[in-house]
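Survey of secondary and tertiary structure
One letter stands for each residue in the lines below.
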Protein chains: 2
Amino acid sequence: MTRRGRPGYDLESLLAVAVKVFNERGYEATSMEDLSRRLGITKSAIYYHVPSKDELLRLAVDRALDGLFAVAEEARGVAGPAIDRLEFLIRGSIGVLVDRLPFVTLLLRVRGNTKVERAALARRREFDLVVTELVKQAEAEGDVRPDIDPAVTARLLFGTVNSLTEWYRPRGGLGTADLANAVCAVLFDGLRTTA
Amino acid sequence: MTRRGRPGYDLESLLAVAVKVFNERGYEATSMEDLSRRLGITKSAIYYHVPSKDELLRLAVDRALDGLFAVAEEARGVAGPAIDRLEFLIRGSIGVLVDRLPFVTLLLRVRGNTKVERAALARRREFDLVVTELVKQAEAEGDVRPDIDPAVTARLLFGTVNSLTEWYRPRGGLGTADLANAVCAVLFDGLRTTA
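Residues numbered from 1 in each chain as written. Chains lettered and ligands numbered in written order. Predicted model: local features only at pLDDT ≥ 70, side-chain atom pairs only at ≥ 80, totals over all residues. Heavy atoms only, no water.

1. Quick notes on the UniProt feature "DNA-binding region" (unreviewed entry) in chain A
To be explicit about the condition: UniProt positions are given in the numbering used here, feature names are shortened, and annotations may be inferred rather than shown by experiment. By the criteria applied, helices consist of DSSP H or I runs no shorter than four residues and strands consist of E runs no shorter than two, each listed in order from the N terminus.
Those places that UniProt annotates as "DNA-binding region" (unreviewed entry) correspond, in this numbering, to residues 31-50 of chain A. Helix and strand shares over residues 31-50 of chain A are 75% and 0% respectively, and the end C-alpha atoms of the span are 14 Å apart.

Right, here's the structure in full:
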């Protein structure tokens, strides 16, 4: 087998390929051997950049989580009623999802089998609490329907947002703003026309 | 190591354990060896029931898909406007999801790496077309907001429904009807109170 010249990898490009493979085959099912084959470099060349497969996962899910928490922090500074902060948080999270799609996709598939995965789940729960708190405030301010448990509402909202990873592709027809508009229109005002 | 008496398995109970393990560890990452260890029976005892791991997957995802298509068929018979058939389909799908939660969860994680997985994805796409068609009809009848592409609306609706597998547990506080009510309230009428 002849070997052509291969691209060099820095940590960033190595991580991008690793996350792609994790998403295709599953994190658990992917070995460092698989990554080495896919990258076209030796395992020790991978270990030059990262000490373990776990560390690749940690870097990847933190990329997603750091983005989401940055939006949550920004949302805290939005003046006005809580429902506006909630909408800001949803739109911002859709922005993170679109910009960091492979990372968010991987994050959402984490099941808690390792320490790194459990840490990621803990940060996801922390984020969920931020959302639930905003829903509670918006409900107390009379802007959100009071007939659904705020924790359930929060899960439905982010269930819808997270489900975008299953089908949304940035190179398709729908831009980020149109996507966020569609999601917010359905979630805030509903599908039904008010005749 | 002493071995206690183990339960016998029929195909049904074997499938239930296999699906649980697939959901915990990932289908790809689970070997027949893993299943044999978890079931506490030999691999040949498993092969007595099913010819392959693939066949276990096929049985499991068909359990979910058959349920969803049965609801779609039932929805076709619902008289009145399309939006009522759409709501029937969503409520019925939530019923299937709750009743067959491990099977639906597994179905939603299928990525198309094998022939069985690709067949499941093809059936999912067929189901999505049924939903899109209902959204289109409801929009044509003036009952659904016309400012969102019906295919996007359909994806958002079932994105929300499917996301229930991530957090809903039947033994929790929320019954199936309450769950369906909450989902339909948000999706059809929106989160915002109409002041």
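2. Topic: the nonpolar core
Selection rule: In these notes, a set of buried Ala, Val, Leu, Ile, Met, Phe, Trp, Tyr and Cys residues joined through side-chain atoms within 4.5 Å is what counts as a nonpolar core. Only protein chains enter the accessibility calculation, which uses a 1.4 Å probe; a residue is then buried when its area is under 20% of its type maximum, exposed when over 50%, and partly exposed in between. A contact between two residues is defined here by any heavy atoms of the two lying within 4.5 Å.
By size, the foremost hydrophobic cluster in this structure holds 139 residues, and its most contacted members are Ile90 of chain A together with Ile90 of chain B. By residue number, the principal contributor to this core is helix H4 (residues 53-76) of chain A, which donates 12 residues. Ignoring anything within four residues of it in the chain, the contact list for Ile90 of chain A reads Leu157, Phe158, Val161, Val183, Cys184 and Phe188 of chain A.

3. Examining the confidence of the model for chain A
Threshold: Scored between 0 and 100, pLDDT is the confidence that the predictor attaches to each residue.
Residues of chain A with pLDDT of at least 70 account for 96%, and the chain-wide mean is 93. Here residues 1-5 of chain A is modelled with pLDDT under 50, and outside its nearest four sequence neighbours on either side it reaches 0 contacts, counting other chains as well.

4. Describing the pattern of salt bridges
All names here are of chain B. Filter applied, for reference: Put simply, a salt bridge is a Lys or Arg side-chain nitrogen that is within 4 Å of an Asp or Glu carboxyl oxygen.
In total, this model carries 32 salt bridges over all chains according to the counting rule given. The partner of Arg37 in a salt bridge is Asp34, with the nearest N and O atoms 2.8 Å apart. Linking Arg37 with Asp34, this pair stays in helix H2 (residues 32-39), spanning 3 residues, or about one helical turn. Accessibility expressed as a relative area gives 18% for Asp34, which makes it buried.

5. Concerning the relation of the copies chain B and chain A
Selection rule: The copies were overlaid with a least-squares fit restricted to C-alpha atoms from residues scoring a pLDDT of at least 70 in each copy.
When chain B is fitted to chain A, the best match, at an RMSD of 0.0 Å, comes from turning it 180 degrees and sliding it 0.0 Å along the axis. Given the turn and translation reported, the copies of this chain are related as if by a two-fold rotation axis. The position closest to the rotation axis in chain B is occupied by the C-alpha of Gly190 of chain B, lying 1.8 Å away. A high fraction, 100%, of the interface residues of chain B reappear at the interface in chain A, so the copies pair face to face through one surface.

6. Comments concerning the environment of Phe188 of chain B
Tracing the backbone shows Phe188 of chain B in helix H9 (residues 176-189). Classification of Phe188 of chain B by relative accessible area gives buried; the value is 1%. In this structure, the C-alpha to C-alpha distance between Phe188 of chain B and Lys136 of chain B, residues 52 residues apart in sequence, is 15 Å. Residues in contact with Phe188 of chain B, not counting those within four places in the same chain, are Gly190, Leu191 and Arg192 of chain A together with Ile83, Leu86, Glu87 and Ile90 of chain B.

7. Observations concerning the packing of aromatic side chains
Operational definition: A pair of aromatic rings is counted whenever rings of Phe, Tyr or Trp (Trp by its six-membered ring) have centres within 6.5 Å, and the orientation is called stacked for planes under 30 degrees apart, edge-to-face for over 60 and tilted otherwise. Lysine and arginine charges are scored as sitting over a ring when NZ or CZ, respectively, is within 6 Å of the ring centre and within 35 degrees of the ring normal.
Summed over the entire model, instances satisfying the criterion amount to 8 aromatic pairs over all chains. Measuring from ring centre to ring centre gives 4.9 Å for Phe22 of chain B and Tyr27 of chain B, while their planes differ by 80 degrees; the resulting arrangement is edge-to-face. An angle of 80 degrees between the planes, with centres 5.3 Å apart, marks the rings of Phe127 of chain B and Phe158 of chain B as edge-to-face. Taken together, the residues Phe127 of chain B in helix H7 (residues 115-140) and Phe158 of chain B in helix H8 (residues 150-163) connect sequence positions 31 residues apart. Comparing Phe127 of chain B with Phe158 of chain B shows no difference in burial state: the two are buried. The rings of Phe69, Phe127 and Phe158 of chain A are connected pair by pair, giving a single aromatic cluster. The side chain of Lys53 of chain A reaches across the aromatic face of Tyr27 of chain A, ending 4.2 Å from its centre. Taking the ring centre of Phe103 of chain A as reference, the NZ or CZ of Arg63 of chain A above it sits at 5.4 Å.

8. As for the domain arrangement of chain A
Residues and elements named next belong to chain A. For the record, the criterion: An automatic or database domain assignment provides the domain bounds reported here. Put simply, buried area is how much 1.4 Å-probe accessible surface two parts lose in total, over both of them, once they are put together. Under this definition, polar contacts are N or O atom pairs within 3.5 Å; protein pairs additionally need one hydrogen-donor-capable and one acceptor-capable atom, and for neighbouring residues in sequence, both atoms have to be side-chain atoms.
Domain assignment breaks chain A into domain 1 (11-49) and domain 2 (57-189). Placing the centre of domain 1 and that of domain 2 at their C-alpha centroids yields a distance of 28 Å. Residue-level contacts link 8 residues of domain 1 with 11 residues of domain 2. When domain 1 packs against domain 2, the two sides together hide about 890 Å² of surface, and 63% of this comes from carbon and sulfur. Considering only the side of domain 1, the residues that lose the most area to domain 2 are Leu15, Asn23 and Tyr27, jointly responsible for 53% of the buried surface there. A salt bridge links Arg63 to Glu12; its shortest N-O distance comes to 2.8 Å. Scanning the region where domain 1 abuts domain 2 turns up 5 residue pairs in polar contact (both at pLDDT 80 or more).

9. Brief notes about the interface of chain B and chain A
In this assembly, 41 residues from chain B lie in contact with 41 residues from chain A. Area buried by chain B at its contact with chain A is led by Leu156, Leu191 and Arg192 of chain B, which between them contribute 20% of it. Note that Glu166 of chain B and Arg111 of chain A form a salt bridge whose closest N and O atoms lie 3.5 Å from each other. Taken together, the connections running from chain B to chain A amount to 22 residue pairs in polar contact (both at pLDDT 80 or more). Looking at the side of chain B that touches chain A, the elements with two or more residues in it are helix H1 (11-25), helix H5 (82-99), helix H6 (101-109), H8 and H9 of chain B. Element by element, the count of residues in the side of chain B that touches chain A is highest for H8 of chain B, at 8 residues.

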